Amino acid sequence: MINFNVPPFTGKEFEYMREAVENQKICGDGPFTKKCSEWIEEHTGTAKCLLTTSCTHATELAALLADIREGDEVILPSYTFVSTADAFVLRGATAVFVDIRPDTMNIDADLIEDAVTERTRVIAPVHYAGVGCEMDKIMEIAKRHGLMVVEDAAQGIMASYKGKPLGTIGDFGCFSFHETKNVSMGEGGALLIRDEKYIEKAEIFREKGTDRSKYFRGQVDKYRWQDYGSSYLPSDMNAAYLYAQLELADKITQARMDRWQEYRELLAPLAEEGRIELPHIPAECTHNAHMFYIKTKDMEERGRLIDFLKQREILSVFHYVPLHSAPAGRRYGRFHGEDRYTTKESERLLRLPLYYGLTADQTEHIADQVKAFYRQ
Ligand SMILES: *Cc1c(COP(=O)(O)O)cnc(C)c1O
């Protein structure tokens, strides 16, 4: 059986987790959390990285920092994971969904400005599959209307747009280290802060509303309750797992890229015959092979292909059900403009197995089976 995903494991994780236990520091903000944050700061150039318990929580922190209130509006794609909307809806905002581009499945930047109202506060682009959104256009619209930009870069580590790492372009960027992501700690995430002026506030929100971060650095002699907040620190044991992965992030990314490229080449003939469509990577984007998907003719064909592969012990999966069609999406959001591509393209998209450790032989075998389906 070829699983759709296998959590990444490189070999050094146990050693580092053991070290965390031996350090007698298994709560948050221990030595491994520090190492991970510094690694991310160095490799992305962000002013500050705060490790969090998830990307969902990183996005909640961003919503707190953006001071989102009841009645505010956030512009985002409907084709995304629930967290992109949840973090803002939790603060009382309305989700305003905009259609996607069919070639990248990212928000169509040309449709954003029309959705801006006097209540709009944030644009939250999602870099689907680690392929960057049109950030120049998005930042320009945000600037013109005085909006903040929160990048959902959950899938975006090690990927860039015009040479800028995803997650560092907007005011805030959110990474995920869930077990399905390229580098992982089981559950976890990070908030990237572009502007230093938000660091102190972010540390307070993340530490239950206290200035404990300052206290740990010896900057105050006791810590006190300063503001509202919550607990967004991951255990240092989880950070130890992540650090082993970050050290090998280039290797992990390269291995995924190799498989991605093989899929693309092996399936190109089917695309040339017009049987399927393959992902498009815009010239200004360096992606990270987070995902390899194909698009079938329609949902019915996709269902048959999933079954066909399953019978051959290959697990393939579809992805997001558009948020605007879900019960909470109807309650807390609205779709602005026409849904030309969101629903239609989401029904055709199928993800093939891709994980660290998948072999070239397996990739070839999977591609052969996809071809067999279309040749039958
Ligand atoms: C995985 C993912 C999330 C959520 O990440 P968690 O770390 O599980 O909270 C949010 N947005 C997108 C686009 C994702 O892929």
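Computed from a predicted structure; not experimentally measured.

### Remarks on the site of the ligand
Here is step 1: As a structural note, the neighbourhood of the ligand is formed by 14 residues, with T56, D152, Q155, S176 and K181 the closest of them.
Here is step 2: The contact in question runs from an oxygen atom of the ligand to an N or O atom on the side chain of S176, over 2.7 Å.
Here is step 3: In the environment of the ligand, an oxygen atom lies 3.2 Å from a nitrogen or oxygen atom belonging to the side chain of K181.
Here is step 4: Out of a free accessible area of 380 Å², the ligand has 93% covered by protein chains.
Here is step 5: A majority-of-atoms criterion places the ligand in the largest pocket.
Here is step 6: In the shell around the ligand, the residues fall into five nonpolar, seven polar and two charged.

### A look at the packing of aromatic side chains
Here is step 1: Considering all chains together, one arrives at 19 aromatic pairs under this definition.
Here is step 2: Centroid distance F9 to Y241: 6.4 Å. Interplanar angle 50°. Geometry classified as tilted. Of this pair, F9 sits in the segment before α1 (13–22) while Y241 is found in helix α8 (residues 236–247), placing the two residues 232 residues apart along the sequence.
Here is step 3: Note on F9: relative accessible area 38%, which makes it partly exposed.
Here is step 4: Ring geometry for Y263 and F292: centres 4.9 Å apart, planes at 25°, overall stacked. Placement of the pair is Y263 in helix α9 (residues 249–272) and F292 in strand β11 (residues 292–295), with a sequence separation of 29 residues.

### A closer look at the pairing of β11
Here is step 1: Burial along β11 is two-sided: F292 and I294 facing one way and Y293 and K295 facing the other are all buried.
Here is step 2: For β11 and strand β13 (residues 349–352), the ladder comprises four bridges, and the chain directions are antiparallel. Across the sheet, Y293 pairs through a bridge with R351, a residue of β13.

### Describing the environment of Y263
Here is step 1: Exposure remark for Y263: the relative accessible area of 0% places this residue in the buried category.
Here is step 2: Placed 101 residues apart in sequence, Y263 and E364 show a C-alpha to C-alpha distance of 7.3 Å.
Here is step 3: Contact partners of Y263, with chain neighbours within four places excluded, come to F292, L352, P353, L358, T363 and I366.
Here is step 4: Within the structure, the side chain of Y263 is placed 2.6 Å from the backbone oxygen of P353, a separation counted as a polar contact.

### Focus: the pattern of salt bridges
Here is step 1: The final tally for this structure, using the stated rule, is 29 salt bridges.
Here is step 2: In this structure, E113 engages R144 in a salt bridge whose closest nitrogen and oxygen atoms are separated by 2.4 Å. Taken together, the positions of E113 in the loop between β3 (94–98) and β4 (120–123) and R144 in helix α5 (residues 135–145) put the pair 31 residues apart, joining distant regions of the chain.
Here is step 3: Classification of E113 as partly exposed rests on a relative accessible area of 30%.
Here is step 4: For D195, the salt bridge identified is with K197, shortest N-O distance 3.9 Å.
Here is step 5: Accessibility expressed as a relative area gives 30% for D195, which makes it partly exposed.

### Describing the state of the cysteines
Here is step 1: Counted under the stated rule, the structure contains zero disulfides.
Here is step 2: No disulfide involves C27; its sulfur sits 15 Å from the nearest other cysteine sulfur, which is in C36.

### Concerning the layout of surface pockets
Here is step 1: One number sums up the size of the largest pocket: a volume of about 510 Å³.
Here is step 2: In terms of lining, the largest pocket is formed by 29 residues, of which the most central are Q155, H178, T180, K181 and Y320.
Here is step 3: Across the lining of the largest pocket, the residue classes break down as ten nonpolar, 14 polar and five charged.
Here is step 4: In this model, the second largest pocket occupies a volume close to 370 Å³.
Here is step 5: D29, K34, K48, E203 and R217 are, among the 17 residues lining the second largest pocket, the residues nearest its centre.
Here is step 6: At six residues, the largest contribution of residues to the lining of the second largest pocket is made by helix α2 (residues 31–44).
Here is step 7: Its residues assigned to classes, the lining of the second largest pocket shows five nonpolar, four polar and eight charged.

### Things to note about empty space enclosed by the protein
Here is step 1: Tallying each qualifying case throughout the model produces two cavities of 30 Å³ or more.
Here is step 2: Considered as a void within the structure, the largest cavity measures approximately 50 Å³ in volume.
Here is step 3: Forming the boundary of the largest cavity are T104, Y128, A129, V131, W260, P279, H280, I281, H287, M291 and Y293.
Here is step 4: Here the residues of the lining of the largest cavity are counted per class, giving eight nonpolar, three polar and no charged.
Here is step 5: Considered as a void within the structure, the second largest cavity measures approximately 40 Å³ in volume.
Here is step 6: In terms of lining residues, the second largest cavity is bounded by R101, T104, N106, G132, C133, E134, P282, E284 and C285.
Here is step 7: Residues belonging to the lining of the second largest cavity are distributed by class as follows: three nonpolar, three polar and three charged.

The rules behind the values
Residues numbered from 1 in each chain as written. Predicted model: local features only at pLDDT ≥ 70, side-chain atom pairs only at ≥ 80, totals over all residues. Heavy atoms only, no water. Near = heavy atom within 4 Å. Polar contact = N/O pair within 3.5 Å; in protein donor to acceptor, adjacent residues only side chain to side chain. Areas by Shrake-Rupley, 256 points an atom, 1.4 Å probe, with all protein chains shown as cover. 1 Å grid on protein atoms, 1.4 Å probe; cavity = no way out; pocket = protein on both sides within 12 Å on 5 of 7 lines; lining within 4 Å. Sits in = over half its atoms within 2 Å of the grid points. Nonpolar A, V, L, I, M, F, W, Y, C, P; charged D, E, K, R; others polar. Phe/Tyr/Trp six-rings, centres within 6.5 Å; stacked < 30°, edge-to-face > 60°. Helix = DSSP H or I, 4+ residues; strand = E, 2+ residues; numbered from the N terminus. Buried < 20%, exposed > 50% of the residue type's maximum accessible area, 1.4 Å probe, protein only. Pairing = 2+ DSSP bridges. Contact = heavy atoms within 4.5 Å. Salt bridge = Lys/Arg side-chain N within 4 Å of Asp/Glu carboxyl O. Disulfide = S-S within 2.5 Å. Points joined across faces, edges and corners; volume = space filled by probe spheres on them.

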